[in-house]
Amino acid sequence: MEQLAVFGGTPVREERIYYGRQCIEQDDIDAVAETLRGDLITCGPKVEALEAKLCEVTGAKYAVVVANGTAALHLAALAAGFGEGDEVIVSSITFAASANCVLYCGAGPVFADIRPDTYNIDPESVESLITPRTKGIVAVDFTGQSVEHDALGRICRKHGLTLIEDAAHAIGTKYKGQPIGSIADMTCFSFHPVKTVTGGEGGAITTNNEALYRRLMRVRTHGITRSQDEMVHPTDARWYNEQVELGYNYRMTDFQAALLLNQLHKLPRFAARRREIVERYDREFSRMPELVVQREIPESDTTRHLYILRLNPDRLKCDRRQFFDALYAENTCPQVHYLPVYWHSYYEKLGYRRGLCPNAEKYYEEVMSIPLYYGLTDEDVDDVVRAVKKIVDYYRV
Ligand SMILES: *Cc1c(COP(=O)(O)O)cnc(C)c1O
C-alpha cells in the first residue's frame, strides 16, 4: 500500500482512533474474575441471569444466549423452519452473516434494496420480491435505527412470513416506544467488541413465542433435551437425556455472560454518550452540502452503533477511496459498512449479479463509518470533525 498523503504536512492527531472500540472498566474485570473462581464456568448462573436481564432490557418473554451473533442468526433461521426450496428476503446492506444464516439452512437469500435516505430495508422492495416460495424476512436495524416494523409486520401477516430481526446494531433502540427485541418473531443480537455492549464474543435471540423458545434452547445444545415431554422415549432416570434433532454447541461461557451482564447495566450510560456524539456530528455535517446525513424516522428512538459519513459526489472532486485514505492519513481511521452482500465473490459464484439493488450499490460507493464509541473524548470528536472539514475543504468542487 502506498504511503498516504497528509494535506498540509501534519495530521490532525498523533494517535490513531478507529471506528469502534469496546469499553472495559475495572468492575467488568472483577465480574469475570469472580466467575472464574466459581464452580460453573459455562452454562451456570451468569448465563441465566443474563437471559433474565435481556428480557428486562428488550421487553421480550424469552431470551436465549449463544456464542455469537452469527450463531443467533443460524438458530433463528433453523427455528423459523427455513429449508431447501424456500426463499428468504434479506437486507442488501448488512454483514454477510445476515444472509449466510439462510444458506446454512439450505434456503436461498433474496436481496431487497434499501431506502436511499435511512439505509434500512425498503418494505416496497420486500413486497415486490415475494413469491409463493417466500418464507421469511431477515431485516437489519442498520446502524441501530429500527426497521419499519408497521410496514414489515403488515407484509408478514399478509403472506404468512416469519420476521427475523438482525438487531446486532440495535440493543437499546425503541420503535414507537417499544424496545427492539420484543417486536419481531425472533430478534438476534451480537455482543462482539465493536457493538454497544460486549461479552468478548456473544449473541442472543429474544422471542415472545414459547414454542420457538423451546426449540432454540434445544438446538443451542446439540438438539439434546432433558425434558420428558420432548422425548420419544421418556423416562425419569436421572442420567437420561435424548437427542431428538440435529443441533449445535452454541453455548456461551459463564465468564463471558458475567462480562456482558455487567456491561448491560451500563447500557443507558453508553447509549447516552453515543447519542451525544451523533448529535454533534449531525450538527456539523448537516451544514455541509458536500456531505449527506442519514435520515432518522420519527418512530425510532435509536441507540446508534455506527455513524455513516456519506459523500455528495456532485460537490466533491474526489471519490470515496480518496476521501477514505485522506481520513486515514489524519489518524481518524474509518471503515466501510458494508459491501452489498451479493457483491461478495462467494455470492457471485452462487449466481447473484450486480445491479440487483441500485440504492444499495450507490450507497456503497459513497460511504464510510467514522469513529463512534463510548470512550471517545470531546477532543477526539473535535479531531474527527476537523479532519473531515479539512478534507472537504481540499476536495470541494
Ligand atoms: C456483528 C454483526 C453480526 C454477527 O455477529 P457476530 O457476533 O460477529 O457473529 C451479524 N449481523 C450484523 C448486522 C452485525 O453487525
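Residues numbered from 1 in each chain as written. Predicted model: local features only at pLDDT ≥ 70, side-chain atom pairs only at ≥ 80, totals over all residues. Heavy atoms only, no water.

A. Quick look at the overall build of the protein. A tally of regular secondary structure across the protein gives 13 helices and 15 strands. Over its C-alpha atoms the protein spans a radius of gyration of 22 Å, differing by no more than 12% from the 21 Å that the globule rule assigns to 397 residues. Seen through its C-alpha atoms, the protein measures out along the principal axes to roughly 75 × 55 × 40 Å. When the 397 residues of the protein are sorted by exposure, 57% land in the buried category. Pairs at least 24 apart in sequence give 72% of the contacts found in the protein among residues at least 6 apart. Within the structure as shown, the protein displays about 17,400 Å² of accessible surface, and the carbon and sulfur contribution to it stands at 50%. Distance between charge centres in the protein, computed from 46 positive and 56 negative side chains, equals 1 Å. (Helix = DSSP H or I, 4+ residues; strand = E, 2+ residues; numbered from the N terminus. Rg over C-alpha atoms; globule rule 2.2 N^0.38 Å. Buried < 20%, exposed > 50% of the residue type's maximum accessible area, 1.4 Å probe, protein only. Contact = heavy atoms within 4.5 Å. Areas by Shrake-Rupley, 256 points an atom, 1.4 Å probe, with all protein chains shown as cover. Lys, Arg positive; Asp, Glu negative; His and termini not counted. Charge placed at Lys NZ, Arg CZ, Asp CG, Glu CD.)

B. Structural context of the sheet that holds strand β8 (residues 186-190). Judged by pairing direction, the sheet is mixed, and its seven strands sit side by side in the order β1-β9-β8-β5-β4-β2-β3 without closing on themselves. The open sheet has two edge strands with one neighbour each: β1 (62-66) and β3 (108-112). When the angles between neighbouring strand axes are averaged without regard to direction, this sheet yields 20 degrees. Pairing between strand β4 (residues 134-140) and strand β5 (residues 162-166): five bridges, direction parallel. Among the inter-strand pairings, Gly-136 is bridged to a residue of β5, identified as Thr-162. Strands β1, β8 and β9 (203-207) of the sheet are contacted by helix α2 (residues 45-58), whose axis makes an angle of about 130 degrees with β1. (Pairing = 2+ DSSP bridges. Axes fitted to C-alpha atoms, helices over the stretch in contact; angles between N-to-C directions.)

C. Here's a closer look at the environment of Ala-63. Mapping Ala-63 onto the fold places it in strand β1. Spatially, the C-alpha atom of Ala-63 lies 34 Å from that of Tyr-281, the residues being 218 residues apart in sequence. Leaving out residues up to four positions away in the same chain, Ala-63 has contacts with Glu-51, Leu-54, Cys-55, Ile-205, Thr-206 and Tyr-213.

D. Examining the packing of aromatic side chains more closely. All chains considered together, the criterion is met by 19 aromatic pairs. Here the aromatic rings of Phe-111 and Tyr-347 are separated by 5.8 Å at their centres, their planes lie at 75 degrees, and the arrangement is edge-to-face. On the criterion of sequence distance, the pair formed by Phe-111 in strand β3 and Tyr-347 in helix α11 (residues 345-349) is long-range, its members being 236 residues apart. With respect to class, Phe-111 is no different from Tyr-347; both count as buried. In this structure an aromatic cluster arises from ring pairing among Phe-95, Tyr-119, Phe-142, Tyr-338 and Tyr-363. Over the ring of Tyr-364 we find Arg-320; its NZ or CZ atom is 4.6 Å from the centre of that ring. Between Arg-354 and the ring centre of Trp-343, over which it is positioned, the NZ or CZ distance is 3.9 Å. (Phe/Tyr/Trp six-rings, centres within 6.5 Å; stacked < 30°, edge-to-face > 60°. Lys NZ or Arg CZ within 6 Å of the ring centre and 35° of its normal.)

E. Representation of the site of the ligand within the structure. Within the structure, the ligand sits among 15 residues, and Gly-69, Thr-70, Asp-166, Ser-190 and Lys-195 are positioned closest to it. A distance of 2.8 Å is found between a nitrogen atom of the ligand and a side-chain nitrogen or oxygen belonging to Asp-166. One nitrogen or oxygen atom from the side chain of Lys-195 is found 3.1 Å from an oxygen atom belonging to the ligand. Considering every element that reaches the shell around the ligand, the biggest residue donor is helix α3 (residues 69-79), with three residues. In terms of residue class, the shell around the ligand is made up of five nonpolar, eight polar and two charged. (Near = heavy atom within 4 Å. Polar contact = N/O pair within 3.5 Å; in protein donor to acceptor, adjacent residues only side chain to side chain. Nonpolar A, V, L, I, M, F, W, Y, C, P; charged D, E, K, R; others polar.)

F. Main features of the pattern of salt bridges. Per the stated rule, a full pass over the model turns up 36 salt bridges. The salt bridge involving Glu-148 is made with Arg-115; its shortest N-O contact spans 2.6 Å. Of the two residues, Glu-148 is situated in the loop between β4 and α6 (149-159) and Arg-115 in the loop between β3 and α5 (123-128); the sequence distance between them amounts to 33 residues. Across the pair, Arg-115 and Glu-148 agree in class, each one buried. Arg-280 is the partner of Glu-284 in a salt bridge, and the nearest nitrogen-oxygen pair spans 3.1 Å. Here Glu-284 pairs with Arg-280, and both are found in helix α9 (residues 267-285), just four residues apart, close to one helical turn. When salt bridges that share partners are traced, they join Arg-214, Arg-215, Arg-218, Asp-229, Glu-230 and Glu-245 into one network. (Salt bridge = Lys/Arg side-chain N within 4 Å of Asp/Glu carboxyl O.)

G. A look at the environment of Gly-106. Note that Gly-106 resides in the loop between α4 (97-104) and β3. Judged by its relative accessible area of 27%, Gly-106 is partly exposed. In sequence terms Gly-106 and Ala-204 are 98 residues apart; their C-alpha atoms lie 22 Å from each other. Each residue touching Gly-106, except ones within four places of it in the same chain, is listed here: Gly-83, Glu-84 and Gly-85.

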